[in-house]
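# Topology and contacts: notes
If you want the building blocks of each chain, they are given just below.
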Amino acid sequence: MAMTTEAERPIRTLKDVARLAGVNAATVSRALANSPLVNEQTRRRIIDIAAEHGFRPNLMARKLRTQRTGVIGVAVPLGHERRQHLSDPFFMALLGHLADGITERGYDVMLSRVVPDADDWLDELAMSGTLDGVLLIGQSDQLAVIETVAARYRPLVVWGSALPGQRHCAVGVDNFAGGRLAGERLIERGCRRLAFMGEIRTLELIERHRGLCAAANAAGLPPPVQLDTHLASDIMAAEIAANLDRVDDIDGIAAASDVIALATIEALEARGRRVPDDIAVTGFDDLPLAAQTRVRLTTVRQDLAAGAAAMLDALFNRIAGADAPSVEMTPELIIRDSA
């Protein structure tokens, strides 16, 4: 009966690769993880041997050793707007930057659209044992829930506003300053009867509305009219139309988002109102579509690429055990056709 040679033995474990490479199993593990502790020549020899024999490390065993799952959860809480979809252009833009950054770090992404029916939704997500960290896109109306979980779960970072004394780590633009920039631009154009087109049930939009009101007050103008408009695309157009039908003396509209602003411009033009000649309109976000429409949108820019990078830096610092404070970015007014 023929004897199996050393080279013919099946390669099933790190020790098998180590035997062929003439090193120990720990060196093989480090080499396959691209550790800088292994010199390039040795690392390349080990990788070539593993590839030649079709060896792949047992990922589950590695996760058990490192106490890491290799998965980051990205969740969009929709307590304030249950009909909003992940296909919303803002969500898609920010999610794209986050997903790219997560996968570039060698992690997988688990995406969730959460409509909170109980206060334990974030607890279940964070404490499930399947995630190394959680990113939330928006605070919605769930600020109290987020604060409670943040007290005992460190690898949690949220896109949203940062308030004095806030426990959870938030990354986002100064929404109050952004709302004020939009108001000041409308007033600079000569608008004297302002309106805010959007809901004020979430912290970010509340702050944008407050900034607009501050600009009006500083100019000696009456408080802007708040025209309640949901962010859900299936009802947005009808609500904007109804709002425009009940006010006829508005000459400047600051919309809560670019999507609302563009829908508002469409509704105004359907009524024979010219933008910006008859009425000026501003948005908020500076999504790519803001510069691609026939009436290009004047808007307040929040740098989503930089914001996503800051969220990821904060999250992975927290995963590593370091602290990471909230980040408040400076908004920028982008002037185009609509105002």
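Every value quoted in this text rests on a predicted model; they were computed, and no experiment measured them. (Residues numbered from 1 in each chain as written. Predicted model: local features only at pLDDT ≥ 70, side-chain atom pairs only at ≥ 80, totals over all residues. Heavy atoms only, no water.)

### Here's the deal with the overall build of the protein
From N to C terminus, the protein includes 12 helices and 12 strands. In the protein, which comprises 339 residues, the proportion classed as buried is 50%. Element-wise, carbon and sulfur atoms account for 51% of the exposed surface of the protein, whose accessible area totals about 16,100 Å². With 37 positive and 45 negative side-chain charges, the protein shows a separation of 6 Å between the mean positions of the two kinds. (Helix = DSSP H or I, 4+ residues; strand = E, 2+ residues; numbered from the N terminus. Buried < 20%, exposed > 50% of the residue type's maximum accessible area, 1.4 Å probe, protein only. Areas by Shrake-Rupley, 256 points an atom, 1.4 Å probe, with all protein chains shown as cover. Lys, Arg positive; Asp, Glu negative; His and termini not counted. Charge placed at Lys NZ, Arg CZ, Asp CG, Glu CD.)

### Re the domain arrangement of the protein
You'll often see interface size given as the accessible area lost when the parts meet. The domain boundaries assigned to the protein delineate domain 1 (14–66), domain 2 (71–174 + 304–330) and domain 3 (175–301). Of the residues lining the interface, 21 residues belong to domain 2; the matching set on domain 3 comes to 21 residues. For the pair domain 2 and domain 3, the summed buried surface comes to about 1,600 Å²; carbon and sulfur atoms form 57% of the total. The interface formed by domain 2 and domain 3 contains 6 residue pairs in polar contact (both at pLDDT 80 or more). Sort the elements by how many residues they give to the side of domain 2 that touches domain 3 and helix H5 (residues 89–104) lands first, with 3 residues. Broken down by class, the residue content of the side of domain 2 that touches domain 3 amounts to 8 nonpolar, 8 polar and 5 charged. (Domains from an automatic or database assignment. Contact = heavy atoms within 4.5 Å. Buried area = accessible area lost by both parts, 1.4 Å probe. Polar contact = N/O pair within 3.5 Å; in protein donor to acceptor, adjacent residues only side chain to side chain. Nonpolar A, V, L, I, M, F, W, Y, C, P; charged D, E, K, R; others polar.)

### Remarks on helix H7 (residues 143–150)
Those residues of H7 not exposed but buried are Val145, Ile146, Glu147, Val149 and Ala150. Those residues of H7 that are buried are in contact with helix H6 (121–126), strand E3 (133–137) and strand E4 (156–159).

### Regarding the sheet that holds strand E2 (residues 108–114)
Strands in a sheet are paired, the pairing made by backbone hydrogen bonds, and the direction either parallel or antiparallel. One open sheet accounts for 6 strands, arranged E2-E1-E3-E4-E5-E11; its pairing is parallel. Strands with a single pairing partner mark the edges of an open sheet, and in this sheet they are E2 and strand E11 (327–329). Averaged over all neighbouring strand pairs, the angle between strand axes comes to 15°, with direction disregarded. Relative to E11, strand E5 (residues 169–173) is paired through 3 bridges, and the arrangement is parallel. Looking at the pairing, Val173 lines up with Met329 of E11. (Pairing = 2+ DSSP bridges. Axes fitted to C-alpha atoms, helices over the stretch in contact; angles between N-to-C directions.)

### So, the environment of Phe90
Locating Phe90 in the fold gives a position in helix H5. Using a relative accessible area of 12% as the deciding quantity, one classes Phe90 as buried. Each C-alpha atom of the pair Phe90 and Leu287 lies 7.0 Å from the other, and the pair is 197 residues apart in sequence. For Phe90, the residues in contact, after removing those within four places along its chain, are Ile137, Trp159, Asp285, Leu287, Gln302 and Leu304.

### Notes on the side chain of Thr42
Relative to the assigned elements, Thr42 resides in helix H3 (residues 40–52). Judged by relative accessible area, which is 14%, Thr42 ranks as buried. Setting aside residues up to four positions removed in sequence, Thr42 forms contacts with Val23 and Thr27.

### Structural notes on the packing of aromatic side chains
One pass over the structure, following the stated rule, counts 3 aromatic pairs. An aromatic cluster of at least three residues, connected via ring pairs, comprises Phe90, Phe91 and Trp159. One cation-aromatic arrangement involves Arg208 over Phe284; the distance from NZ or CZ to the ring centre is 3.8 Å. (Phe/Tyr/Trp six-rings, centres within 6.5 Å; stacked < 30°, edge-to-face > 60°. Lys NZ or Arg CZ within 6 Å of the ring centre and 35° of its normal.)

### Some points on the sheet that holds strand E8 (residues 252–255)
Reading across from one edge, E7-E6-E8-E9-E10-E12 is the order of the 6 strands in this open sheet, with mixed pairing throughout. The sheet is open, and its two edges are formed by strand E7 (225–227) and strand E12 (332–334), each paired on a single side. Sheet twist, expressed as the mean angle between neighbouring strand axes with direction ignored, is 20°. Bridging between strand E9 (residues 280–285) and strand E10 (residues 298–301) involves 4 bridges; their strand directions are parallel. Looking at the pairing, Gly283 lines up with Thr299 of E10. The strands touched by helix H9 (residues 203–218) within the sheet are strand E6 (194–197), E7, E8 and E9, with E6 carrying the most contacts at an inclination of about 175°.

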